[in-house]
Amino acid sequence: GAPVDLSDLGTAGVVPVLVVDDAATGLRAAAALADGGLPVVEVTFRTAAARDALAAVAAERPDVLVGAGTVITAAQVDAAVDAGARFVVSPGLSVAVVERCRERGVPVLPGVATATDVITALDLGLHAVKLFPASVVGGPSAVKALSAPFPGLRFVPTGGIDASSAGDYLALPSVLAVGGSWMVEKSLLAAGDFDEVARRARAAVEAAAA
Ligand code: 3PG
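Looking at an unreviewed UniProt entry, one finds the chain named 2-dehydro-3-deoxy-phosphogluconate aldolase, with Luteimicrobium subarcticum as its source organism. According to UniProt, the comment filed for the chain under the heading Catalytic activity (unreviewed entry) is "2-dehydro-3-deoxy-6-phospho-D-gluconate = D-glyceraldehyde 3-phosphate + pyruvate". The UniProt entry for the chain carries the following text under Subunit (unreviewed entry): "Homotrimer."

Here is the structure:
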């Protein structure tokens, strides 16, 4: 697909985080999210099928902005980008991951949990970070507190967010988007309930627009 930058995630407002055990389920989930008005998906590199699922979405759904999540090594950056990832997300901040993403020309969203992590991210020239795990480090209050000393930095809180809490994060000016797996919950995928995936995607889009 065409080059993207992280403002495209801001436009969506919500980043569905997908954990899949087979490529076909990944493809169906991506299609359901797009049906719900959310043509974005982060495929996490924490299952054996992640690479194939990402490649399938990249190949068959050019309308979907597909990225890789749980990327913790430079080698995984290469695997993800080779499979078609158009952005990369990490739970933490690895200089090696950030540098390899730059070399490969893909936007990267590394995770931070502390002010020290944020300072490292700023030193690397980053303008947006994932806050992870958002609900555990203090929820919207943590985003507010961490935003105060770092004006201009944008956050993508992720971890423990669901339909009922997403709006509280999205209301904060420093929040670029929120991430989470609630729209593509494992039980929905296992049950083949892709109508509910689409319904949750639509509700998330509405929350982001509100
Ligand atoms: C991630 O990889 O960002 C998290 O697993 C997403 O967190 P959640 O499953 O609590 O939404």
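After that view of the structure, there is still more to cover.
(A) Quick peek at the overall build of the chain. Helix and strand content of the chain: ten helices and nine strands. Taking 210 residues into account, the globule formula puts the C-alpha radius of gyration at 17 Å, and the chain, at 16 Å, falls close to it. Judged by the C-alpha coordinates and their principal axes, the chain covers about 45 × 35 × 25 Å. Burial statistics for the chain: of 210 residues in total, 52% are counted as buried. Sequence-distant contacts in the chain: of pairs separated by 6 or more residues, those separated by 24 or more amount to 59%.

(B) Main features of the sheet that holds strand 6 (residues 111–112). Spatial ordering of the open sheet is given by 6-7-8, a layout of three strands whose pairing is parallel. Edge positions in the open sheet fall to strand 6 and strand 8 (154–157), since each of these has one partner strand only. The pairing of strand 7 (residues 128–131) with strand 8 spans four bridges and is parallel. Bridge pairing in strand 8 places leucine 131 opposite proline 157. Docked against the sheet, helix 7 (residues 139–147) engages strand 7 and strand 8, running at close to 160° with respect to strand 8.

(C) Fine view of the nonpolar core. Counting residues in each nonpolar core, the largest one holds 73 residues, and the members touching the most others are Val41, Phe155 and Val178. With five residues, the top contributor of residues to this core is helix 2 (residues 23–35). With near-sequence residues (within four places) excluded, phenylalanine 155 lies in contact with Val112, Val118, Val129, Leu131, Val143, Leu146, Ser147, Ser174, Val175, Leu176 and Ala177.

(D) Structural view of the site of the ligand. As a matter of local geometry, the ligand sits amid Val17, Arg46, Lys130, Phe132, Thr158, Gly159, Gly160, Gly180 and Ser181. Glycine 160 places a main-chain nitrogen or oxygen 2.7 Å from an oxygen atom of the ligand. Serine 181 is positioned with one of its side-chain polar atoms (N or O) 2.6 Å from an oxygen atom of the ligand. Relative to its unbound accessible surface of 310 Å², the ligand loses 80% to contact with the protein. Its residues placed into classes, the shell around the ligand shows two nonpolar, five polar and two charged.

(E) Representation of the packing of helix 3 (residues 50–60) against helix 4 (residues 74–83) in the model. Between helix 3 and helix 4, the shortest axis-to-axis distance is 8 Å and the interhelical angle comes to 30°. As judged from the angle between their axes, helix 3 and helix 4 are roughly parallel. When helix 3 is examined against helix 4, the residues Arg51, Leu54, Ala55 and Ala58 are found in contact with a partner set consisting of Ala79, Ala80 and Ala83. Residue composition of the contact of helix 3 with helix 4, by class: six nonpolar, no polar and one charged.

(F) Quick peek at the pairing of strand 2 (residues 40–44). With five of its five residues buried, strand 2 lies for the most part within the structure. Where burial is concerned, the two faces of strand 2 agree: the one with Val40, Glu42 and Thr44 and the one with Val41 and Val43 are both buried. The sheet contact formed by strand 1 (residues 14–18) and strand 2 spans two bridges and is parallel. Across the sheet, valine 17 pairs through a bridge with glutamate 42, a residue of strand 2. For the crossover that starts at strand 1, traverses helix 2 and ends in the parallel strand 2, the hand is right-handed. In terms of strand pairing, strand 2 meets strand 3 (residues 65–69) through five bridges, oriented parallel.

Rules used in this analysis
Residues numbered from 1 in each chain as written. Predicted model: local features only at pLDDT ≥ 70, side-chain atom pairs only at ≥ 80, totals over all residues. Heavy atoms only, no water. UniProt positions renumbered as here; feature names shortened; annotations may be inferred. Helix = DSSP H or I, 4+ residues; strand = E, 2+ residues; numbered from the N terminus. Rg over C-alpha atoms; globule rule 2.2 N^0.38 Å. Buried < 20%, exposed > 50% of the residue type's maximum accessible area, 1.4 Å probe, protein only. Contact = heavy atoms within 4.5 Å. Pairing = 2+ DSSP bridges. Axes fitted to C-alpha atoms, helices over the stretch in contact; angles between N-to-C directions. Core = buried A, V, L, I, M, F, W, Y, C linked by side-chain atoms within 4.5 Å. Near = heavy atom within 4 Å. Polar contact = N/O pair within 3.5 Å; in protein donor to acceptor, adjacent residues only side chain to side chain. Areas by Shrake-Rupley, 256 points an atom, 1.4 Å probe, with all protein chains shown as cover. Nonpolar A, V, L, I, M, F, W, Y, C, P; charged D, E, K, R; others polar. Parallel < 35°, antiparallel > 145°, perpendicular 65-115°, else oblique. Right-handed = clockwise from strand over helix to strand, strands pointing away.

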